[in-house]
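One letter stands for each residue in the lines below.
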Amino acid sequence: MNHAASKNLNLTLKIWRQAGPKQSGGLKTYQVSGISTDMSFLEMLDVLNEQLIASGEEPVAFDHDCREGICGTCGVVINGQAHGPDSGTTTCQLHMRRFHDGDTIVIEPWLAKAFPIVRDLIVDRSAFDRIIQAGGFVSVNTGNAPEANTTLVPHHVQQDAMNAAACIGCGACVASCKNASAMLFVSAKVSHLASLPQGQAERSKRVLNMVATMDAEHFGNCTNTGECEAACPAKIKLTNIAQLNREYMKAALLSKE
Amino acid sequence: MGVTGLLLCGFLVAHLAGNLLLFMGAKPFNEYAHALHSQWELLAVAEFGLVVLFLAHVYLAVATTIGNYRARRDFYVLKQSKVPGRIIGANSWMFASGSVVLGFVILHLIDLRLGLRSSLQYLPETDLEAPFKNTLAAISDPISRVVYFVGVIVLGVHLSHGFASAFQSLGLNHPKYTPLIKIIGKIFGVIIAVGFASIVVFVPGMWR
Ligand code: SF4
Ligand code: FES
């Protein structure tokens, strides 16, 4: 990246403003100028907020924590795309060099019945936490570490589990899905543990409980459009959803739980 | 949804194979129809099964669509796909395309299963020529001809997503076979659409 090429942008932002969960919201237009192309998207919002605070207006509420693509809190819909135009990228890792001088950028919160808006761009994603809780624990023996070669995990299986474990729980899959389905998220969690020896003891119970909670939280049904996979910053694959379907059918038909 | 859809695909293959006999003329088609009808016990079971499958497919579609609509609840002011190259795909229109196909199937049943169109001059079932003549009458009728044509083309679009989607829903995703299943799904959609459409386009002109 050639830093000498950094430029300054003047942008028009149309941002969803909503004072609280019960209030009605709408897009509000703001101008920002002198935005460096080296800034991240959230830094651009910081600039806007300083501008708003200086003029006595309420700053735009948005969620963020790590700003390095691992915590999963920062998701917003940018010009109609969850986490913006780049694939495999969170909002905090999106850079302003992806935009051009004079652009208009529409910024909306995740929308889904299961993710009620808290304020402005912040939504309540605790439905995901409840799904995770429903998944329960894994039974692991305490005591001395077992001999490493007693439980062999082939490299490709370990890779699949690791790839599924990469899900950061951001909710972009739900936000980008026309059905607001959480199947990609749940499938990542279920596939991750179902692939490993540690996950075997509670394998059936876990998938049944997580799917039941997913439905109870009012997420929609998967119709295999693949929008989630394209929006996912952790590049979770649709093959996990097929695996979830297999795990679920097997547990529903054959397990005693 | 996937199970009922795939089983209905099986019916489509048999139905298309039988109907392509229309290109061979009255005799082969009538013989085929009479052979089919002579097995009336089996036919009754098959027809009943087909109705159950079809209604189950429609019921599941309506139930999932309502559930999904409620789950989505709010729509974005601006929405763009992140799937590379996708502007608008068959996958987003399954309910709409399914509804068009349902409308077509209803007319098709009125025309040829129930024989209720007063504008068509049906031969009585006892007439040996009835299967061919009645089919020809229906697909020569301008309204039916257009509706059938649109119906089967939209059906092809429906299948181009539905076929492969059913496998994924059933958990049948495999690095070796899934790309093939996707291609077969598209080809299947084209074959069904072109196969049935060719009948309404060419057959009325061939046997005037
Ligand atoms: S599957 Fe991907 S998009 Fe969905 S919550 Fe996990 S990281 Fe986010
Ligand atoms: S702020 Fe943590 S992933 Fe973006």
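A few points on the structure.

The rules behind these values
Here the residue numbering is sequential within each chain, running from 1 through the sequence in written order. Chains carry letters from A onward and ligands carry numbers from 1 onward, assigned in written order. Given that the model is predicted, a residue must reach a pLDDT of at least 70 before its local features are reported, and side-chain atom pairs must reach 80 or more before they are shown or counted; all residues, however, enter totals for whole chains, interfaces and linings. The side-chain figures draw on all heavy atoms in the structure; neither hydrogens nor water molecules are used. Helix numbers and strand numbers start at the N terminus; a helix is a DSSP run of H or I with at least 4 residues, a strand a run of E with at least 2. Residue exposure (1.4 Å probe, protein chains only): buried if accessible area is under 20% of the type maximum, exposed if over 50%, otherwise partly exposed. The contact criterion used is simple: two residues touch if any of their non-hydrogen atoms lie within 4.5 Å. For the accessible areas, the method is Shrake-Rupley and the probe is 1.4 Å, while residue cover comes only from the protein chains on display. Neither His nor the chain termini are counted; the positive set is Lys and Arg, and the negative set is Asp and Glu. Here the site of a charge means NZ on Lys, CZ on Arg, CG on Asp, or CD on Glu. It suffices for a single heavy atom of a residue to lie within 4 Å of a molecule or strand for the residue to be listed as near it. Each residue is assigned to one of three groups, with Ala, Val, Leu, Ile, Met, Phe, Trp, Tyr, Cys and Pro labelled nonpolar, Asp, Glu, Lys and Arg labelled charged, and all others, Gly among them, labelled polar. The salt bridge criterion pairs a side-chain nitrogen of Lys or Arg with a carboxyl oxygen of Asp or Glu, the two atoms within 4 Å. Summed over both partners, the accessible surface that disappears when two parts come together, traced with a 1.4 Å probe, is what is meant by buried area. Under this definition, polar contacts are N or O atom pairs within 3.5 Å; protein pairs additionally need one hydrogen-donor-capable and one acceptor-capable atom, and for neighbouring residues in sequence, both atoms have to be side-chain atoms. Axes here mean lines fitted to C-alpha atoms, for a helix over just the part in contact, with angles spanning 0 to 180 degrees between N-to-C directions. An angle below 35 degrees is treated as roughly parallel, one above 145 as roughly antiparallel, one from 65 to 115 as roughly perpendicular, and anything else as oblique. Helix crossings fall into two classes, left-handed where the near helix is turned counterclockwise from the far one by less than a right angle and right-handed where it is turned clockwise. Method remark: on a 1 Å grid restricted to protein atoms, a set of points is classed as a cavity if a 1.4 Å probe fits but cannot get out and as a pocket if it is open with protein on both sides within 12 Å along at least five of seven lines; lining residues have an atom within 4 Å of a point. Grid points are joined across faces, edges and corners, and a volume is the space filled by probe spheres set on the points.

### Let's talk about the overall build of chain A
When you go through chain A residue by residue, the secondary structure sums to 8 helices and 7 strands. The dimensions of chain A, computed from C-alpha atoms along their principal axes, are 60 × 45 × 35 Å. By residue count, 50% of the 257 residues in chain A fall in the buried class. Counting contacts in chain A only where the partners sit at least 6 residues apart, residues at least 24 apart contribute 69% of the total. If you sum the accessible surface of chain A, you get close to 12,100 Å²; carbon and sulfur atoms cover 51% of it. In chain A, which carries 22 positive and 25 negative side-chain charges, the distance between the mean positions of the two groups comes to 6 Å.

### With respect to the site of ligand 1
Residue and element names in this part refer to chain A. Around ligand 1, 14 residues are found, and the nearest of them are C167, C170, G171, C173 and C232. Elements supplying a minimum of two residues to the shell around ligand 1: α4 (172–176) and α5 (183–194). Within the shell around ligand 1, the residues separate by chemical class into 12 nonpolar, 2 polar and no charged.

### Considerations on the pattern of salt bridges
Counted under the stated rule, the structure contains 16 salt bridges over all chains. Residue A:D120 pairs with A:R17 through a salt bridge whose shortest N-O separation is 3.2 Å. Residue A:D120 is located in the loop between β6 (117–119) and β7 (122–123), and its partner A:R17 is located in strand β1 (residues 8–17); the two are separated by 103 residues in the primary sequence. Residue B:R117 pairs with B:D111 through a salt bridge whose shortest N-O separation is 2.9 Å.

### Observations regarding the interface of chain B and chain A
Listed as interface residues are 26 residues of chain B and, on the opposing side, 43 residues of chain A. Together, the buried faces of chain B and chain A total about 2,800 Å²; carbon and sulfur atoms form 48% of this surface. Among the residues chain B hides against chain A, the three largest losses belong to B:R72, B:Y76 and B:K82. Together they make up 26% of the total. Linking chain B to chain A there are 1 salt bridge. Between B:R86 and A:E227 there is a salt bridge whose closest N-O contact spans 2.8 Å. Taken together, the connections running from chain B to chain A amount to 30 residue pairs in polar contact (both at pLDDT 80 or more). Counting residues per element, the ones that place at least two in the side of chain B that touches chain A are α3 (40–72) and α6 (142–169) of chain B. Broken down by element, the side of chain B that touches chain A gets its largest block of residues, 5 residues, from α3(B). Looking at the side of chain B that touches chain A, its residues break down into 7 nonpolar, 12 polar and 7 charged.

### Side note on the environment of A:L184
Residue and element names in this part refer to chain A. Structurally, the position occupied by L184 is in helix α5. Distance in space between the C-alpha atoms of L184 and L238 is 7.0 Å, their sequence separation being 54 residues. Setting aside chain neighbours within four positions, we find L184 in contact with C173, C228, E229, C232, I236, K237, L238 and I241.

### A short note on the packing of helix α1 (residues 2–19) of chain B against α6(B)
Residues and elements named next belong to chain B. Running from amino to carboxyl end, α1 crosses α6 at an angle of 130°, the nearest separation of the two axes being 9 Å. Regarding the angle of α1 to α6, the classification is oblique. Here the hand of the crossing between α1 and α6 comes out left-handed. Every residue of α6 that contacts α1 at G2, L6, C9 and L12 is listed here: L155, L159, F163, A166 and F167. Among the residues making up the contact of α1 with α6, the classes are represented as 8 nonpolar, 1 polar and no charged.

### Section: the layout of surface pockets
A water-sized probe, rolled over the atoms, reveals where empty space remains. Here the second largest pocket defines a volume of roughly 1,100 Å³. Forming the boundary of the second largest pocket are 39 residues, of which A:L238, A:T239, B:Q168, B:N173 and B:T178 lie nearest the centre. Going through the elements one at a time, α3 (155–165), α7 (227–231) and α8 (239–254) of chain A together with α6 and α7 (178–206) of chain B are the ones with two or more residues in the lining of the second largest pocket. The element that contributes the greatest number of residues to the lining of the second largest pocket is α6(B), accounting for 6 residues. Tallied by class, residues from the lining of the second largest pocket come to 14 nonpolar, 17 polar and 8 charged.

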